[in-house]
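# A look at the structure
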Amino acid sequence: MAASQPKMRDHTSSARALAIASSVLAAASAGMVFQIYGAADGVGVIDVLRSVLIFLSTWWLAWGAATALLGLTSRQRPAPARITGPIIGRSVVIVPVYNEDPRITFARIAAMDESITAAKAACGSAAQVDFAVLSDTRDEKIALLEQRWFARLLARQHAEGRMFYRRREKNTGRKAGNIEDFITTSGAAWDYAVILDADSLMEGDTILEMIRRIEAAPQLGLLQTLPRVVGATTRFGRAMQFAAGFHSPIFARGLAVTQGRTGPFWGHNAIVRIRAWAESCGLPELPGKAPFGGHIMSHDYVEAAMLARAGWLVRLDDDLEGSFEEGPENIIDHAKRDRRWCQGNLQHAKLVAAPGLKSWSRFVFIQGIFAYVAPLLWLAFIAASIAAVYWAETPDYFPEANWPFPVFPNDQTPKAIGLAVGVFGLLVMPKLFVAIDAIFTGRVRGFGGAGGAFRAVFAELALSSVIAPILMAFQSRSVIQVLLGRDGGWPPNNRGDGGLDIAEAWAAGRWISFWGLGGMIATHLLAPVLTLWLLPVALPMLLAPLLIWWTSRTARPRAFPVPEDVTTPAVILRHAAVLSDWSESGMEAKLG
Amino acid sequence: MSANIPTVARIPNVARPARSHISLVDVTAPPQAALTMPKQVLARAPGGMLRSLRSMFWTIVPGRRRLG
């Protein structure tokens, strides 16, 4: 392992240099083109401001594109030689829950337990893999259900002594505090912990392979898998599920290449070395009040940074399959989750200069902050452009006193169109390249073949372009709320069918419609020449409630195909079987 | 492995009493096997921001080593 480190470091350094150089070059080109365009009638402060805004916004898009290109040009991390020896270490799969439906969550545990048992039987392993449900549930009725369903789980799996349940009376530190409480109370009983979310599912084979890999690499502190989104049924959910399955592996590989030994860690579907975690990941409370002070919300990035700071390797193995999670089914649930992530990422501003962190960990914090600030930069650019047109001086067609012919200003329209096409290209090209790559690698087979995959890629592009202004509005509101000091709290995740009625969509999206309408009226009055340019942003905003409602409707069965539609993974089938076995007869009714 | 990493306190890993706030379903509670998890220092030292940004800049700027 030691011998491979310099090579890995060199590869990481070159990848970082390439990504930074190409993204800065693209951003600088955009900024310069815009400066030339804006300077046609003389350079003003607002032109410089717009050039800076276009530089920063384009850099963020170009950074995403560079990450995708790195992912496309890097190989999947080669699986280490098959480790066949017995597993020595003791492992625990930890499932933090917070007001979740215990029937569905515990059925997942039963499915994974059966899958692990089958995997152990197949390879003759006697590995110890226990489960611990760490409840932070606040709702007493759900807590009572948790205990009843856990008793049923124990009986079904004959798991007394290897499946555990405990509930905290105070959910100090939220999920990170929940895990910390478990580690400090019981952590020494195991060597490795597979950290899951309540909606995670992993194949037994995958869990055993993760244990083997972390056991074989003494420097490895954390091993992250790339979970695939499953179970989506709505138009929005299916589109996100397709994007996560089709595009994300490439983007994630690019991300892993640049992060090198420092990550990434996404908070779940990963295995950690418990001793490394205990000695490195004790999260302090940040000074001051929420949203910037208090408990660290986006703890996963920080934990990865702290493990790397302590010298542990944090690695993404994107060749590991059989790792699943669920995603939000509608724009409102997506926005709720994003509000939490936004606050967590902006809170990282306090951690960028934490002592001893690897420099790239600091850069990852900055990237996370930028992800939420970028929409505000685009909004600022739009506002500055309207102001620039409003304040622009009328061209002087007869600058020479005794010259009878008019002098027309240089037409800069081609530059403006070229810039817009370039910016749009940065958004679209990576996804098209991923699609072309998928044809050559044969990956399209799982996504409806070449035709099906391309149809889905274009449909996802169209859908994501249409809803982008709505997501931008939600993100901008989140950032402003955090900057105004409003704490978003810790709302539980909705894991229902995701369907919304029009009244719910109107309640959640009407403020976006008003802003869209206001923006259109203001543009028409102040800078009518920009009205058409603003339509792609303002129109979806105007129609926000309708789009929120429409995207939450159930999708056609074959829309946005993913491999799991054709071959349902075994652990998902097991989960469905357990759920069918545990029909809802009784337990909820008895509580009433 | 973790040299030079600031922590608030380093306490040897010894068993300690069960957390009093865990009161429900003792039968199924995980085993008591305590592990210390010292709180890490994440607050920046005075002047730390500038140093961090400088160090980050030199890490991400290509060719640092070659330029000496």
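As shown above, the structure is provided for reference.
Report on the accompanying structure. (Residues numbered from 1 in each chain as written. Chains lettered and ligands numbered in written order. Predicted model: local features only at pLDDT ≥ 70, side-chain atom pairs only at ≥ 80, totals over all residues. Heavy atoms only, no water.)

## What about the overall build of chain A?
- Counting its secondary structure elements, chain A contains 20 helices and 10 strands.
- Taken over C-alpha atoms, the radius of gyration comes to 26 Å for chain A, in line with the 25 Å a tight globule of 592 residues would show.
- In terms of principal-axis extent, the alpha carbons of chain A reach across some 100 × 60 × 55 Å.
- In chain A, buried positions account for 55% of the 592 residues.
- Summed over all atoms, the accessible surface of chain A reaches about 25100 Å², with 64% contributed by carbon and sulfur.
- Separation of charge centres in chain A, based on 56 positive and 51 negative side chains, amounts to 3 Å. (Helix = DSSP H or I, 4+ residues; strand = E, 2+ residues; numbered from the N terminus. Rg over C-alpha atoms; globule rule 2.2 N^0.38 Å. Buried < 20%, exposed > 50% of the residue type's maximum accessible area, 1.4 Å probe, protein only. Areas by Shrake-Rupley, 256 points an atom, 1.4 Å probe, with all protein chains shown as cover. Lys, Arg positive; Asp, Glu negative; His and termini not counted. Charge placed at Lys NZ, Arg CZ, Asp CG, Glu CD.)

## Quick word on the pattern of salt bridges
Residues and elements named next belong to chain A.
- The full count for this structure, using the stated rule, is 21 salt bridges over all chains.
- Residues R213 and D317 are paired through a salt bridge, measuring 2.8 Å at the closest nitrogen-oxygen approach. One end of the pair, R213, is in helix 6 (residues 204–216); the other, D317, is in the loop between strand 9 (313–316) and strand 10 (323–325), and 104 residues separate them in sequence. An identical accessibility class is assigned to R213 and D317; each is buried.
- Ionic pairing is found between D318 and R253, a salt bridge with its closest N-O pair at 2.8 Å. Of the two residues, D318 is situated in the loop between strand 9 and strand 10 and R253 in helix 8 (residues 248–259); the sequence distance between them amounts to 65 residues. (Salt bridge = Lys/Arg side-chain N within 4 Å of Asp/Glu carboxyl O.)

## Some points on empty space enclosed by the protein
All names here are of chain A.
- Going through the model one piece at a time under the given rule, you end up with 2 cavities of 30 Å³ or more.
- Within the residue set of the lining of the second largest cavity, elements represented by two or more residues are helix 11 (331–347) and helix 14 (449–483).
- Of the residues contributing to the lining of the second largest cavity, the split by class is 3 nonpolar, 3 polar and 2 charged. (1 Å grid on protein atoms, 1.4 Å probe; cavity = no way out; pocket = protein on both sides within 12 Å on 5 of 7 lines; lining within 4 Å. Points joined across faces, edges and corners; volume = space filled by probe spheres on them. Nonpolar A, V, L, I, M, F, W, Y, C, P; charged D, E, K, R; others polar.)

## Side note on the sheet that holds strand 6 (residues 220–224) of chain A
Residues and elements named next belong to chain A.
- The strand order across the open sheet formed by 7 strands is 3-2-1-4-8-6-9, and the pairing between neighbours is mixed. Edge positions in the sheet fall to strand 3 (163–167) and strand 9, since each of these pairs with one other strand and no more. Averaged over all adjacent pairs, the angle separating strand axes in this sheet is 20 degrees, with direction ignored.
- Pairing of strand 1 (residues 90–97) with strand 4 (residues 192–195), which is carried by 4 bridges, proceeds in the parallel orientation. What sits directly across from V92, in strand 4, is A193. (Pairing = 2+ DSSP bridges. Axes fitted to C-alpha atoms, helices over the stretch in contact; angles between N-to-C directions.)

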